[in-house]
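Residue-level structure breakdown
So the chains spell out like this:
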Amino acid sequence: ATKAIAWDRRGRAIAEGRASLPMRDLGRGWMEQSVDDWWRSLCAGLRDLFRQVDPARVAALAFSNQRETVGFLDEAGLEVRPAILWLDERCRPDIDLFGAKLPPERFRAITGKTPDPTPAVFSLHWLKRCEPEHWRRTACFVDVLGYLGWRLTGQRATSWGSADPHGLLDLASLRPSSEILGVLGLAEGQLFEVVRPGTVIGEVTAPAAEATGLRPGTLVVAGGGDGQAAGLGTGTLGGGRAYLNIGTACVSGAWGARFATSHSFRTLTSLSGEGYIFELCLRTGAFLADWSVRNLFDADPAADPGVYRRLEAEAARVGPGADGVLLLPYWSGTMAPFWDPDAGGAVVGLGTGHGRGHWWRAMLEGAALDCAMGYGAIERATGEPVTELLTIGGGARSALMRQIVADVTARPVRISSTLEASCLGAGMLAASGAGWYASPAEASTAMQGEVELTVEPDPAQVLRYRELLAIYRDLYPALRTTFARLAAFRAPLDG
């Protein structure tokens, strides 16, 4: 869905509009959207919002957008082919093909990222290799923010916080990397101009105003990727705080002033305009909960919204470690620290005495254990300890998940009054661009939500989970060869 939220100067949500956003699952891990649907959904979401709020009150607008998704436009600005989503996995072979031209270590030194299917650069390599006619017709490769900003203002500009996740940006210069563009045979002119987050891109045109309900002349401000926007929205700007977004994916990040890279996390620009976000990402967070409900427990959450509450109650009656059941939540491969797109989910230790509650608890624990592996590496990179986690996203509503995260990570978990922190981060950038605050960081300080609840780790459970984490760390390495053999076995079926 597209969410359009109106925020006031204190960071309070005044109203929210929503609109559906179609996604095409083509099978085999191929996921696409139409850029026209991005625009239609934006227009519908804004019009829904303006049933509740007068558009004359809107000082500025900014986007928090899905990050690695890439669209393809011809000379006239029309869609050449559907956009390839960040979830798409078709480019797996291209990771090695690209790596033969630019070694992974060099790619990480430039972009802060270890090669895996997520950055759009590998989807671009796939397009050039597999759809050469579409490649030749594409005059411009666009991120979501850049496309929607162009439709609103007519200006071809994007934020470095949205361009960066595509894997085309040199994080030292904050400009497209000539080395990476050279591997692809791309010209810098085929990308939108990259500007600092919080910069005014342009003003809403009369045709865009008619389509969206916005006033002509409304300021459009450079926002950024949803993960980094969550960092700004939660005030993750140093001081020991890391955010943990328990959404479709589980994404956690901490801020650092100096550029650093590691195999154990990925590095992105901060939407404050200063410093970097060191990020952990598990591709299947709440997605796995939904998958389990639908495919294992034969329930439809829309028709039976209480199913999640019942499963959590069953899991709460099971002790830490789920009576010896351990779940590896790699339903869509693994990112840091193993970076293996061929990895799969695994459940070990199941016995006749286990039931739904054991599965559900092991699933929650698997997500928490995976996040816990990365905080030490982030601490070493930033030179600062991670002393608290601020949780956001739909999964943060789960009392059991909050306690598990606190016990597994041995850190207090704080609950923000604003679960929509990514959208709030965009609101902070809009407020900065409108001149309400001198900088995005100042807007973050003034507008971030209050901490409503703190969950402290239970010392006894911390010790138990420390033992379980040691077992969990060994699980993927023990299965690495098996995953590779299964991928080779499956390859003929995938065509």
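Quick note: structure is the one above.
Quick summary incoming for the structure in this document. Numbering of residues begins from 1 in every chain and follows the order in which that chain's sequence is written. Residues qualify for local features only when their pLDDT is at least 70, as the model is predicted, and side-chain atom pairs are given and counted only at 80 or more; totals for whole chains, interfaces and linings, by contrast, use all residues. The side-chain numbers reported here are obtained from all heavy atoms of the structure, hydrogens and water having been left aside.

1. Examining the overall build of the protein
Only DSSP runs of H or I reaching four residues or more are called helices, and only runs of E reaching two or more are called strands; each is numbered from the N terminus. Scanning the protein for helices and strands turns up 18 helices and 23 strands. Over its C-alpha atoms the protein spans a radius of gyration of 22 Å, differing by no more than 12% from the 23 Å that the globule rule assigns to 495 residues. Taken along the three principal axes of its C-alpha coordinates, the protein extends 65 × 50 × 50 Å. Burial here depends on accessible area, computed with a 1.4 Å probe over protein chains only, as a share of the maximum for the residue type. Under 20% is buried, over 50% is exposed, and the range in between is partly exposed. Each of the 495 residues in the protein was classed as buried or not, and the buried ones make up 60%. Two residues form a contact once any of their heavy atoms are found within 4.5 Å. At a minimum sequence separation of 6, the contacts of the protein that also span at least 24 residues come to 72%. Throughout, radius of gyration means the C-alpha value; the globule benchmark is 2.2 Å times the number of residues raised to the power 0.38.

2. Section: helix H13 (residues 356-372)
Any helix carries an expected span of 1.5 Å times its number of residues minus one. In a regular helix each residue adds 1.5 Å, so 17 residues correspond to 24 Å; H13 covers 24 Å between its end C-alpha atoms and thus fits that length. Taken across its 17 residues, H13 has 16 buried, putting it largely inside the fold.

3. Observations concerning the packing of aromatic side chains
The criterion for an aromatic pair is that two Phe, Tyr or Trp rings (for Trp, the six-membered ring) have centres within 6.5 Å, with stacked assigned to planes under 30 degrees apart, edge-to-face to planes over 60 apart and tilted to the rest. Within this structure, the stated rule accounts for 16 aromatic pairs. Pairing Tyr 330 with Tyr 476 gives two aromatic rings, centres 6.2 Å apart and planes at 65°, and the pair type is edge-to-face. Taken together, the residues Tyr 330 in the loop between strand E19 (326-328) and strand E20 (346-348) and Tyr 476 in helix H18 (residues 459-494) connect sequence positions 146 residues apart. Here the aromatic cluster, defined as three or more aromatic residues joined through ring pairs, consists of Tyr 330, Phe 338, Tyr 476 and Phe 483. Charges are assigned to positions over rings by a cutoff of 6 Å between ring centre and Lys NZ or Arg CZ, combined with an angular limit of 35 degrees from the ring normal. Geometry around Trp 30 places Arg 90 over its ring, the cationic atom sitting 4.2 Å from the centre.

4. Topic: the side chain of Thr 391
Looking at where Thr 391 falls in the secondary structure, it is placed in strand E21 (residues 388-392). Owing to a relative accessible area of 1%, Thr 391 belongs among the buried residues under this scheme.

5. Thoughts on the environment of Ile 201
Among the structural elements, Ile 201 can be located in strand E13 (residues 200-203). Residues Ile 201 and Pro 385, spaced 184 residues apart in sequence, show a C-alpha to C-alpha distance of 36 Å. Filtering out sequence-adjacent residues up to four positions away, Ile 201 remains in contact with Leu 145, Thr 153, Gln 155, Ala 157, Val 220, Val 221 and Ala 222.

6. Topic: the sheet that holds strand E8 (residues 140-142)
Here we have five strands laid out as an open sheet, ordered E3-E4-E7-E6-E8, and antiparallel in their pairing. Since the sheet does not close on itself, it has two edges, and those belong to strand E3 (24-27) and E8, each with one partner. This sheet shows a mean twist of 25° between the axes of neighbouring strands, independent of strand direction. Think of it this way: DSSP has to see at least two bridges between two strands before they count as a pair. Pairing of strand E6 (residues 70-73) with E8 involves three bridges; the strand directions are antiparallel. Each residue of the ladder has a partner; that of Phe 72, found in E8, is Phe 141. Each axis is a line fitted through C-alpha atoms, taken for helices only over the stretch in contact, and angles between the N-to-C directions span 0 to 180 degrees.

7. A few points about the pattern of salt bridges
Salt-bridge detection follows one rule: a side-chain nitrogen of Lys or Arg within 4 Å of a carboxyl oxygen of Asp or Glu. A complete count under the given rule lists 30 salt bridges for this structure. Note that Arg 67 is salt-bridged to Asp 226, the shortest N-O span being 3.3 Å. Here Asp 226 lies in helix H10 (residues 226-233) and Arg 67 lies in the loop between strand E5 (60-65) and E6, a separation of 159 residues in the sequence. When its relative accessible area of 5% is taken as the criterion, Arg 67 is described as buried.

8. Observations regarding the side chain of Thr 267
Here Thr 267 is to be found in strand E17 (residues 266-269). Each residue touching Thr 267, except ones within four places of it in the same chain, is listed here: Thr 111, Gly 112, Lys 113, Asp 164, Leu 171, Phe 259, Ala 260, Thr 261, Tyr 276, Ile 277 and Phe 278.

9. What to know about the nonpolar core
In this description, a nonpolar core means a group of buried Ala, Val, Leu, Ile, Met, Phe, Trp, Tyr and Cys residues linked to one another through side-chain atoms lying within 4.5 Å. Membership of the largest hydrophobic core comes to 65 residues, with the highest contact counts inside it found for Leu 328, Tyr 330, Trp 360, Met 363, Tyr 375 and Ile 378. The dominant element in this core, judged by the number of residues it contributes, is H13, at 10 residues. Ignoring any residue separated from it by four or fewer positions in sequence, one finds Tyr 330 in contact with Leu 282, Phe 338, Ala 343, Gly 344, Gly 345, Asp 370, Met 373, Tyr 472 and Tyr 476. Formed by 35 residues, the second largest nonpolar core is a distinct cluster that contains Ala 4, Phe 63, Leu 145 and Ala 208.

10. Details of the pairing of strand E18 (residues 276-282)
With seven of its seven residues buried, E18 lies for the most part within the structure. With burial as the criterion, each face of E18 is covered, one bearing Tyr 276, Phe 278, Leu 280 and Leu 282 and the other bearing Ile 277, Glu 279 and Cys 281. When strand E16 (residues 250-256) meets E18, the two strands line up antiparallel, connected through seven bridges. Residue pairing in the sheet places Ala 254 in a bridge with Phe 278 of E18. Bridging between E17 and E18 involves four bridges; their strand directions are antiparallel. Within E18, the position partnered with Leu 268 by the bridge is Ile 277. In this antiparallel pair of consecutive strands, E17 and E18, the connection spans six residues, and Gly 273 shows a positive phi of 90°.

11. Describing unusual backbone geometry
Between Ala 336 and the following residue, Pro 337, the backbone shows a cis peptide bond with an omega angle of 0°. Looking at where Pro 337 falls in the secondary structure, it is placed in the loop between E19 and E20. Of note in the backbone geometry, Trp 339 takes a positive phi value of approximately 50° without being a glycine. Its location among the elements puts Trp 339 in the loop between E19 and E20.

12. A word on the sheet that holds E13
Here three strands make up an open sheet; going across it, the order is E5-E14-E13 and the pairing mixed. Across the chains shown, the open sheet's two edge strands, defined by having one partner strand only, are E5 and E13. Within this sheet the neighbouring strands show an average axis-to-axis angle of 30°, counted without direction. Where helix H16 (residues 421-433) meets the sheet, its contacts fall on E5, E13 and strand E14 (219-225), and the angle it forms with E5 comes to roughly 145°.

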